[in-house]
There are 6 protein chains.
Amino acid sequence: MLRLATPEHQRFIQAASFNASFGGGEANVAVSLANYGLLTEYVTRLPQNDLGQSVIMELRRHNVGTNHIIRGGERLGIYFLETGSVSRPSKVLYDRAHSSIAEIKPGMIDWEKVFSAAEWFHWSGITPAISEGAASVCKEAIETASKKGVIVSCDLNYRKNLWKWGKSAPEVMPELVAGCDIILGNEEDAERVFGIKPDESNYSTREIKASAYESVCRKLKKKFAKAGKVIITLRGSVSADYNTWSGILFDGKKLFEAPVYQITHIVDRVGGGDAFMGGLIYGILTYKGDDQKALNFAVAASCLKHTIHGDFNLVTVAEVEQLMRGDASGRVVR
Amino acid sequence: MLRLATPEHQRFIQAASFNASFGGGEANVAVSLANYGLLTEYVTRLPQNDLGQSVIMELRRHNVGTNHIIRGGERLGIYFLETGSVSRPSKVLYDRAHSSIAEIKPGMIDWEKVFSAAEWFHWSGITPAISEGAASVCKEAIETASKKGVIVSCDLNYRKNLWKWGKSAPEVMPELVAGCDIILGNEEDAERVFGIKPDESNYSTREIKASAYESVCRKLKKKFAKAGKVIITLRGSVSADYNTWSGILFDGKKLFEAPVYQITHIVDRVGGGDAFMGGLIYGILTYKGDDQKALNFAVAASCLKHTIHGDFNLVTVAEVEQLMRGDASGRVVR
Amino acid sequence: MLRLATPEHQRFIQAASFNASFGGGEANVAVSLANYGLLTEYVTRLPQNDLGQSVIMELRRHNVGTNHIIRGGERLGIYFLETGSVSRPSKVLYDRAHSSIAEIKPGMIDWEKVFSAAEWFHWSGITPAISEGAASVCKEAIETASKKGVIVSCDLNYRKNLWKWGKSAPEVMPELVAGCDIILGNEEDAERVFGIKPDESNYSTREIKASAYESVCRKLKKKFAKAGKVIITLRGSVSADYNTWSGILFDGKKLFEAPVYQITHIVDRVGGGDAFMGGLIYGILTYKGDDQKALNFAVAASCLKHTIHGDFNLVTVAEVEQLMRGDASGRVVR
Amino acid sequence: MLRLATPEHQRFIQAASFNASFGGGEANVAVSLANYGLLTEYVTRLPQNDLGQSVIMELRRHNVGTNHIIRGGERLGIYFLETGSVSRPSKVLYDRAHSSIAEIKPGMIDWEKVFSAAEWFHWSGITPAISEGAASVCKEAIETASKKGVIVSCDLNYRKNLWKWGKSAPEVMPELVAGCDIILGNEEDAERVFGIKPDESNYSTREIKASAYESVCRKLKKKFAKAGKVIITLRGSVSADYNTWSGILFDGKKLFEAPVYQITHIVDRVGGGDAFMGGLIYGILTYKGDDQKALNFAVAASCLKHTIHGDFNLVTVAEVEQLMRGDASGRVVR
Amino acid sequence: MLRLATPEHQRFIQAASFNASFGGGEANVAVSLANYGLLTEYVTRLPQNDLGQSVIMELRRHNVGTNHIIRGGERLGIYFLETGSVSRPSKVLYDRAHSSIAEIKPGMIDWEKVFSAAEWFHWSGITPAISEGAASVCKEAIETASKKGVIVSCDLNYRKNLWKWGKSAPEVMPELVAGCDIILGNEEDAERVFGIKPDESNYSTREIKASAYESVCRKLKKKFAKAGKVIITLRGSVSADYNTWSGILFDGKKLFEAPVYQITHIVDRVGGGDAFMGGLIYGILTYKGDDQKALNFAVAASCLKHTIHGDFNLVTVAEVEQLMRGDASGRVVR
Amino acid sequence: MLRLATPEHQRFIQAASFNASFGGGEANVAVSLANYGLLTEYVTRLPQNDLGQSVIMELRRHNVGTNHIIRGGERLGIYFLETGSVSRPSKVLYDRAHSSIAEIKPGMIDWEKVFSAAEWFHWSGITPAISEGAASVCKEAIETASKKGVIVSCDLNYRKNLWKWGKSAPEVMPELVAGCDIILGNEEDAERVFGIKPDESNYSTREIKASAYESVCRKLKKKFAKAGKVIITLRGSVSADYNTWSGILFDGKKLFEAPVYQITHIVDRVGGGDAFMGGLIYGILTYKGDDQKALNFAVAASCLKHTIHGDFNLVTVAEVEQLMRGDASGRVVR
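Residues numbered from 1 in each chain as written. Chains lettered and ligands numbered in written order. Predicted model: local features only at pLDDT ≥ 70, side-chain atom pairs only at ≥ 80, totals over all residues. Heavy atoms only, no water.

Caption draft 1: Expanded view of the overall build of chain A. Assigned secondary structure in chain A consists of 11 helices and 13 strands. Here the C-alpha atoms of chain A give a radius of gyration of 19 Å, agreeing with the 20 Å that 2.2 N^0.38 yields for 334 residues. Dimensions of chain A along its principal axes, counting C-alpha atoms only, are 50 × 45 × 40 Å. Across the 334 residues in chain A, those meeting the buried criterion constitute 66%. Of all intrachain contacts in chain A linking residues separated by at least 6 positions in sequence, the fraction that spans at least 24 positions is 66%. A total accessible area of about 11,700 Å² is found for chain A, and carbon and sulfur atoms account for 48% of it. (Helix = DSSP H or I, 4+ residues; strand = E, 2+ residues; numbered from the N terminus. Rg over C-alpha atoms; globule rule 2.2 N^0.38 Å. Buried < 20%, exposed > 50% of the residue type's maximum accessible area, 1.4 Å probe, protein only. Contact = heavy atoms within 4.5 Å. Areas by Shrake-Rupley, 256 points an atom, 1.4 Å probe, with all protein chains shown as cover.)

Here is the structure:
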């Protein structure tokens, strides 16, 4: 997906140019994993034009495999981004309808081949939101992956301005999520997709209490039996420039809480959740069995994402681990 | 329509940003006319979002009326532009499918009201190329205009990469063009749309002889009885940076030829034809009866367009007239 | 007025380019009002050159009427802006002497015609500061407006580096302000223009107590009998990047206080007062009789201005109202 | 003087930023001479603000002495530049009225001290055009220089949009030029300032014949007895991007002609004449007695100026001499 | 190698920023081949820092294999580029001493493994110019390649400002070139490296006659028996903006001449020779036995390179073939 | 030294351009002093190329004397800068090996002449870290300065990634520092260079207590008998965007503490220590005997540096004094 962002906090109606980069939920996760040294393949459908080619080149640049990408369709999806400040929110304007991925149909991708040597499959709730075809292909993938014993993870990623193809998230998502081993959501997704709210009622957007979301984890876990882990990212929005950031992980028995980071001068928060997911997958695969460490890696990695322009989280394992050790001082490295 | 152009001759696959401006056939003509001091209204359909709003703001900036623009639909059409150089051609990548104007339907615009005080209606062959709805609305407009005695002009403007909605230009255009008083085309349009070729065969793209196109004019005039004037722009392409530029006008009796300009260091040639049309309408309305002068104004005006970034021809009547008087020296004005 | 701002916190002596935009007290108020959907006309005098033309085009872009602007004079006024940071203040370098508006003379503008269908006239203390002619024309306008029953508002807007034409603000302003129905000032203007200080003495620039300024309101109200409302903006300057922002309104009986906003990451604070005035006029005209709501709208609107580059406050009524409802979280809208 | 140029051939009404640099006739000559290794002092009056300071810093950067610059007055003169292309001329918009130098008065500069160790004094016809004060100070300087045996040179530099202070160039210039040892003009100056035309009449702006201007040299020489050398620059304007460039020098007996350069892809032609003058002074001082070589150096140096952004001619003696030797091939130096 | 180029024809002493890209002789050839769809590996030594990493990412982006790149050493080589105009030449300032590749030693690269599945090995005369180590490693590679039956090609690429490590090109190159099957040089290399001059003496830099270089080919062929083909690029330098471009190929029996292209508005000529080599290798491998077509592909491909920013030739086979068919008109593709 | 910084918080691997400026420890101090009006000479060795020339031009621009700079050697040292944010640290990538200054040898600079009229000599611990030659020349300078009664100051400035030439800082620095009258270090230097730690152990990087460093001062003073004053800068690193900043000065008897500044929105912190040193030297020379005021000037001056792009502290004495008076409100100056 092409991301066209206005420069330096400009409003859309001021922009005489757009900064162009590429991104999108699953691609962002793939870049994170490739950065950490894992082998990844990004599977999608792209148009046979120079913009589609640019996506492939950018993925290659970040060492993400492009072997299973198919070409076809009319256009590359676009999202326009206006970066907010203080009490002015950022705005995302989606222009994804009729994109190559939106017009994908079941059977176009050979999932058997894709998963022939795969260990993990990740998808995000944005994909089934785009079109009926994308939802069907997503289901196809989840089923094939499950059948072949590939771990399946999802990020609920609810977007109210997508989901325009006829069915709603609550109608479509349960069946898909049921096939997942790992479920990630933010503090609002569970409510919007499944109607699952925290028991505690007096929460604010400014301060997010981890404890308030334990009940959400438990309910999700109960609803989706296959899921071994449920994870919730916790973003406190003090302002468009200042967020707090943390997360919790529930393994069915125990609730793990990560430290809370103060992100006081956000550079770019888009892709924060994807950076979390990328960190989480890396953590689970690397710190086998140590869910606390996996969670902490995910939170620290995505905390750093907020300091980087673009959708991709361009950090190294060493940088994440330094922050995990508590060094958030930002002292010059020279 | 949003125009996203790579900066400074960059290829699409190199671009980290796009220069954003707005343009499109009929809008470009309207801006020319408004610049020359004529009252204009631009009629179209735009999405109800910040990009649609930006189009309206930009039109207002150039004093083009926006009173009859309707809002609705999914998206603003986009075209991506890669500016070539020497023997590397410029590339245009259309992303106009499913735009608000593509999904227009007959009845959405109140043409009776639009033409209640209008003197002239101009449309371009790009509009019926976009979709069946756009073609129908175009027909609706031409019929209403004709009925109310409004002069109708068209620019054939053939684009092979549009015309994907089911019918071809040769199937659709004749009926529309038949309602026109003034027909403009470039040296290829007549052949591609109506199969009308010059009699002389040994023409090249590098040197364009005016005489070779007299036969095209005569055939067009014969085919479309209502048309009082047929005009052909003559572009010789020495390279992507260097074109020659002229035009001829046939009034059914006499062929008028304009001087040939050497445009040796092109800044931006997109919109050159629209600038010609804008100049022509101004010339016909202003130099009443003096078709030679009207033609010369059109050619000089559009010659200047090639030195200006963006689709719009930002020149004054005084600047065009100075060039008409033969001063192409480009000496500093201070 | 042309605004030439150094990019990205550069000092004047570092700048190799300037960002160019247009602005100025009354124009900024007009743009706010046009943005909120009100019909406005901006009355001024501009030179007959491309810079003057650019001002008109920019106003048209924002839907501000330009029907009463007269052309003439030597030059467009300029102000250079160096944006500060932390403890380094922003600097404004005025280059407005001998501008077209500075050399305006009484009689040049036909105020009878200007006010023939007007409901409200707003002027700012910057205008009479520029030159004797501008002060006289300002007086002329206030008198004509008053005579025709047009509401008159003013923003005291004291600038010590203007007022160089021979008379001082205390000599000129009282007569002008006496004709006003609405008087706006910041926490320093009343003292500098009329010698009116808060009763409480131990105020700081860092924290501004609303209560301290009630006495200023009362004294202003007493001094200017015609004024139905006196409003004071309250800016606490923690640093060049972080201000607090609020305001009070006194209607002769009751003091209304607005919430205090924490503007922790200022993008551009120039035009903040004008955005307040624009919001206030809109609020008074829209929430008829509800002065608390009008004040709250003014403060919220101008709070948002601090996040937008340029002099103009490019926000919608919906955006202001969302902030008035208390949502300052800046969460991404998508 | 501050130069504010629109980027990349933009028109004034398109510009969202201006490239800022410094320049002006005599300063440009001084920078040329300092670049070639000569000791220079630039004498002017600048405002006591950050823009005035920036001028001084920029002069120091180029090793031009600033010891005799006085500070005072209201503002720094500005000129806005829109760079043309092909048949669209560049435009210069002067905003120099009321600048510090325009408001200079006789006696402000201690010319005795300035010339105490000087060998050469150069002034340009732009200075007396600005204001009566500037003209008087210019006269003061010429007289003091002459008295002290300093060589005096001038560049006639006629600008029709200056000369607005009450007297015309033909009224003021003769007395000033009479004090000069070296007179430089372009192919139009002599006619506009003194009414001296070439004898041959059928000259065009496109091709400039050196022979046609011999008569102009002879008439100038006759009119100004003190002048030992009269030099005319010969610019043929094929288009805004393509000029031919040469010059002739008449020493009262012999006419020297320089080679004609084809400047086919102009980067920035402003300051071309000043670069010529700088080259000429260097040539005369260095190639003592070899006027042909001095002239050739001047033409080659200013030919190179057309390839450099900004008013200043940033070339070395070695680079000019390479071009003088006939190497105009532009092969990469590595 | 990091390329740091001043923007928009700026001189080094004007630059406040540098455009950063990556390039270098053999890398440029590899990118060309990868663009045309061939499998390539680029073998070099890069520092273990973020700049070294960026080189690898950029190569991956263009689909060039990085499997045999070794990491180590102190620094990445840099070259600074100032782009000339008209009669002002471009300047290259090398800062390559002590780079990782300069400090490479024999044995560091496992050439046996590199060539285990290779068909072609290409090196350029820049590599042995850098340091004794680089020359030795180059020799090591040529010997191993020859031993394994890999085709070896070289581009003589003489650079007088390199070759500072103790031996000169004439001392080092003959032994290396003797191992080559294909030898490429420009119109000066043969003379500077081997003292081989054209028989015809009155050649100029402006017009390059193909016939004049037949003798050079014959002498090279005679001197280097292994070489099956000798190729010479022919660049006529009209100015820094306008070059003519062609080439000849001699297969020991027959001289093939390519068409001459007029490159009238050069965007970036650095990498032109490498683009030629890339085209040539592709042509020889693709049009097996048709040397005329291979040569024509090479010349057309590298002609297009002159229109593209950066060292890399970002064109497709289809684009090159269109130019080979004679379409140099640069007409917009839409 | 050339500084190449990625724009707007970009990571090295994202950068398509670098902002270029010049800087380096002692040069930064010299610019500060020149800004405050003191006569300074910067002594170094620069290559004879355009980059070396640019350094000299930039120094001249800031009024720093360049009379004793020698030219020679291979290359200009470079440092690459990636500006961090929040918990992502800034990164400095040194590319200084084999620079002209690194390859300096004793005897190259005529220190007798340099110090003939000097009052103060300042050097930084970065210089001896570069190479053995630089260390030797540094020693040479200190000895000559001491002999001639010139005050000697040093900034310990420990950089772990330099010091690669064979000896370590603890081996080299004591002898050099022993010759100094004034010693400046940051809160880590004393430990890393001399193993001197604060007595109090529970210090953090976030909050720096002045009292904790009194012991460091005493130990330094004791170790280096010649030093009349020991100064330590105190930086608390809350994040990459937010530092606290202060300093202490110990004169052998009394400890002076400066106010602590909250630098909440850092623009550029590189050169902060040099700005402190520049302020300190100015303060000591100006406020003779008032060490508290000298220290306060140093801290306030360098606090302001954090708001300015580039290595140089472009502030005036008046601006520093305003901050010293306690006005950190950043209110617009107009």
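Read on for the rest.
Caption draft 2: Main features of unusual backbone geometry. Residue Val86(B) is not a glycine yet carries a positive backbone phi of 45 degrees. Looking at the secondary structure, you find Val86(B) in the loop between strand S5 (78–82) and strand S6 (91–95). Since its relative accessible area comes to 3%, Val86(B) is described here as buried. Look at Glu8(D): it is not a glycine, yet its phi comes out positive at around 45 degrees. With respect to the helices, strands and loops of the structure, Glu8(D) is situated in the loop between strand S1 (2–5) and strand S2 (17–22).

Caption draft 3: Seen up close, the interface of chain F and chain E. Taken together, the contact pairs 27 residues of chain F with 27 residues of chain E. Roughly 2,100 Å² of surface becomes buried between chain F and chain E when both sides are summed, with 62% attributable to carbon and sulfur atoms. Contact with chain E buries surface across chain F, with Ile13(F), Phe18(F) and Asp50(F) losing the most and accounting together for 24% of the total. Scanning the region where chain F abuts chain E turns up four salt bridges. Arg75(E) is paired through a salt bridge with Asp95(F); the nearest N and O atoms lie 2.5 Å apart. Broken down by secondary-structure element, the contributors of at least two residues to the side of chain F that touches chain E are strand S1 (2–5), strand S2 (17–22), helix H2 (50–61), strand S5 (78–82) and strand S6 (91–95) of chain F. At five residues, the largest contribution of residues to the side of chain F that touches chain E is made by H2(F). (Buried area = accessible area lost by both parts, 1.4 Å probe. Salt bridge = Lys/Arg side-chain N within 4 Å of Asp/Glu carboxyl O.)

Caption draft 4: Focus on the relation of the copies chain F and chain E. Superposition of chain F onto chain E requires a rotation of 180 degrees combined with a translation of 0.0 Å along the rotation axis, giving an RMSD of 0.0 Å. In the structure described here, the two chain copies are related by an operation that fits a two-fold rotation axis. For chain F, the smallest separation between a C-alpha atom and the rotation axis is recorded for Phe18(F), amounting to 2.7 Å. Looking at the interface residues of chain F, 100% of them are also at the interface in chain E, so both copies use one shared face. (Least-squares fit on C-alpha atoms with pLDDT ≥ 70 in both.)

Caption draft 5: Inspection of the side chain of Asn243(E) at higher detail. Residues and elements named next belong to chain E. With respect to the helices and strands, the residue Asn-243 is situated in strand S11 (residues 243–250). Residue Asn-243 is classed as buried on the basis of its relative accessible area, which comes to 2%. Engagement of the side chain of Asn-243 in a polar contact is seen with the side chain of Arg-235, the distance being 2.8 Å. In this structure the side chain of Asn-243 is engaged in a polar contact, spanning 2.9 Å, whose partner is the backbone oxygen of Ser-239. (Polar contact = N/O pair within 3.5 Å; in protein donor to acceptor, adjacent residues only side chain to side chain.)

Caption draft 6: Representation of helix H1 (residues 25–35) of chain C. Residue and element names in this part refer to chain C. Taken across its 11 residues, H1 has 10 buried, putting it largely inside the fold. Along H1, the positions that sit buried rather than exposed are Gly-25, Glu-26, Ala-27, Asn-28, Val-29, Ala-30, Val-31, Ser-32, Leu-33 and Ala-34. On its buried face, H1 sits against helix H2 (50–61), strand S7 (120–124), helix H4 (126–130) and helix H9 (272–286).

Caption draft 7: Layout of the packing of aromatic side chains. All names here are of chain A. As enumerated under the stated definition, the model contains 76 aromatic pairs over all chains in all. Between Tyr-282 and Phe-297, the ring centres sit 4.8 Å apart and the planes meet at 35 degrees, which makes this aromatic pair tilted. Of this pair, Tyr-282 sits in helix H9 (residues 272–286) while Phe-297 is found in helix H10 (residues 291–305), placing the two residues 15 residues apart along the sequence. For the pair Tyr-282 and Phe-297, a shared accessibility class is recorded, and that class is buried. Taken together, Tyr-36, Tyr-282, Tyr-287 and Phe-297 form an aromatic cluster joined through their ring pairs. (Phe/Tyr/Trp six-rings, centres within 6.5 Å; stacked < 30°, edge-to-face > 60°.)

Caption draft 8: Quick look at the environment of Leu304(B). Within the secondary structure layout, Leu304(B) lies in helix H10 (residues 291–305). Distance in space between the C-alpha atoms of Leu304(B) and Asp95(B) is 28 Å, their sequence separation being 209 residues. The contact partners of Leu304(B), leaving out residues within four places of it in the chain, are Asn313(B), Val315(B), Glu319(B), Val320(B), Leu323(B), Ser87(D) and Arg88(D).

Caption draft 9: Region of interest: the sheet that holds strand S2 (residues 17–22) of chain E. Taken in spatial order, the eight strands make up an open sheet running S6(E)-S5(E)-S1(E)-S2(E)-S2(F)-S1(F)-S5(F)-S6(F), and their pairing is mixed. Bordering the open sheet on either side are strand S6 (91–95) of chain E together with S6 of chain F, each of which pairs with just one other strand. Pairwise comparison of adjacent strand axes, ignoring direction, gives a mean angle of 25 degrees for this sheet. Relative to S2(F), H2(F) is tilted by about 55 degrees, and along the sheet it contacts S2, strand S5 (78–82) and S6 of chain E together with S2 of chain F. (Pairing = 2+ DSSP bridges. Axes fitted to C-alpha atoms, helices over the stretch in contact; angles between N-to-C directions.)

Caption draft 10: The arrangement of the sheet that holds strand S6 (residues 91–95) of chain D in detail. Spatially, the eight strands line up as an open sheet ordered S6(C)-S5(C)-S1(C)-S2(C)-S2(D)-S1(D)-S5(D)-S6(D), and their pairing is mixed. Each edge of the sheet is formed by a strand with only one pairing partner; in this case those strands are strand S6 (91–95) of chain C together with S6 of chain D. Between one strand and the next, the sheet's axes are offset by a mean angle of 25 degrees, whatever the strand orientation. As paired strands, strand S1 (residues 2–5) of chain C and strand S2 (residues 17–22) of chain C are joined by four bridges and run antiparallel to one another. Pairing of Leu4(C) across the sheet is with Ala20(C), part of S2(C).

Caption draft 11: Focus on the environment of Lys219(D). Residue and element names in this part refer to chain D. Here Lys-219 is to be found in helix H8 (residues 214–223). Each C-alpha atom of the pair Lys-219 and Asn-161 lies 26 Å from the other, and the pair is 58 residues apart in sequence. When neighbours within four sequence positions are excluded, Lys-219 is seen to be in contact with Ile-196, Lys-197 and Asp-199. Polar contacts involving the side chain of Lys-219 include one to the side chain of Asp-199, which spans 2.9 Å.

Caption draft 12: Layout of the relation of the copies chain A and chain C. In screw terms, the move from chain A to chain C is a rotation of 120 degrees and a rise of 0.0 Å along the axis, fitting with an RMSD of 0.0 Å. One copy is carried onto the other by what is essentially a three-fold rotation axis. Of every C-alpha in chain A, the one belonging to His265(A) sits nearest the axis of rotation, 4.7 Å from it. The fraction of interface residues of chain A whose copies in chain C are also interface residues is only 10%, indicating that the copies meet through different surfaces.

Caption draft 13: Molecular detail of the interface of chain A and chain C. Taken together, the contact between chain A and chain C spans 31 residues of the former and 24 residues of the latter. Of all residues in chain A, the largest losses of buried area upon contact with chain C belong to Arg11(A), Val86(A) and Ser87(A), amounting jointly to 22% of the total for that side. Where chain A packs against chain C, one counts three salt bridges. Two residues, Glu319(C) and Arg11(A), come together in a salt bridge whose shortest N-O distance is 2.7 Å. In this structure, the connection of chain A to chain C is made through 14 residue pairs in polar contact (both at pLDDT 80 or more).

Caption draft 14: Focus on the arrangement of the chains. Structurally, chain A and chain D remain out of contact, their C-alpha atoms never closer than 8 Å. Spatially, chain B is disjoint from chain F: no contact exists, and the shortest C-alpha separation is 8 Å.

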